[in-house]
Amino acid sequence: VLSRLDWDGERFAETPILRGWCQIFFSHSPDDVVVLDDGSVLASAGDAAITGFDDPSCPEPAGQGGSMRAQDVFLPGDPVDYLGSVIRVDRDGTPLPVDGATRPDTDARIVAAGLRNPFRMTLDRSTGRVFVVDAGDNTLESIDEIDLNSVRNHGWPCFEGAAPGSGTNTAW
């Protein structure tokens, strides 16, 4: 759940604005939140993958579990979730348009996908550029720029940086 906290001078009031992350496992889960200068919100989540653990409350089509959740936006057969992605919403959870984006038939909130564990994000306020730290698996850690005007597939689990990853489809 992504919630907005409003301060009334005495206490915070919580307003849930977005649901949709299926909490498969505690690792690589919803990770970070950044508020941009225009008031929109970026939120990141990892792929929630863990070997040998399956949560029946989060059903998945065959071949789309584990690390492949990071490719969910590009794989048909089930409702799109936000695992392995960065989303952008306004303060009420409404998706913001991505100018000129070529996107698959998916949730308009997603601005980046194919991430393993995007656990930290930062905004360079002088340039407006957004960077995410994505924890690698065995080989590389990466710092990726998130282009808010396109939807980029960062490649996990088929790639770890520019190197082949642990996924099975290295043709991407």
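Residues numbered from 1 in each chain as written. Predicted model: local features only at pLDDT ≥ 70, side-chain atom pairs only at ≥ 80, totals over all residues. Heavy atoms only, no water.

In terms of helices and strands, the protein carries zero helices and 12 strands. Per-residue burial over the protein gives 44% buried out of 172 residues. When contacts within the protein are restricted to residue pairs at least 6 apart in sequence, long-range pairs at least 24 apart make up 52% of them. Just so you have it, the protein exposes about 9,000 Å², and 52% of that area is on carbon and sulfur atoms. (Helix = DSSP H or I, 4+ residues; strand = E, 2+ residues; numbered from the N terminus. Buried < 20%, exposed > 50% of the residue type's maximum accessible area, 1.4 Å probe, protein only. Contact = heavy atoms within 4.5 Å. Areas by Shrake-Rupley, 256 points an atom, 1.4 Å probe, with all protein chains shown as cover.)

A few words on the confidence of the model for the protein. Do not read the fine detail of predicted coordinates wherever pLDDT is low. Summarising the model, the protein shows a mean pLDDT of 78, and 74% of its residues fall at 70 or more. Strand 12 (residues 163-164) is the least confidently modelled element of the protein, averaging 76 in pLDDT, while strand 8 (residues 129-134) averages 93, the highest of any element. (pLDDT = per-residue confidence, 0-100.)

All right, on to the environment of Phe74 then. By the secondary structure assignment, Phe74 is in the loop between strand 4 (41-45) and strand 5 (85-89). As a C-alpha pair, Phe74 and Gly114 span 40 residues in sequence and 9.1 Å in three-dimensional space.

Right, let's talk about the sheet that holds strand 7 (residues 118-124) for a bit. The strand order 7-8-9 describes an open sheet built from three strands, whose pairing is antiparallel. Looking at which strands have only one partner, the edges of the open sheet turn out to be strand 7 and strand 9 (142-146). In this sheet, neighbouring strand axes are inclined to one another by 25° on average, regardless of whether the strands run parallel or antiparallel. Inspection of the sheet shows strand 8 paired to strand 9 by five bridges, in the antiparallel sense. Across the sheet, Val132 pairs through a bridge with Asp144, a residue of strand 9. (Pairing = 2+ DSSP bridges. Axes fitted to C-alpha atoms, helices over the stretch in contact; angles between N-to-C directions.)

We now examine the packing of aromatic side chains. Scanning the model with the defined rule gives one aromatic pair in all. Aromatic pair Trp7 and Phe12: ring centres 4.8 Å apart, planes at 55°, arrangement tilted. Here the two residues Trp7 and Phe12 agree in accessibility, since each one is exposed. (Phe/Tyr/Trp six-rings, centres within 6.5 Å; stacked < 30°, edge-to-face > 60°.)

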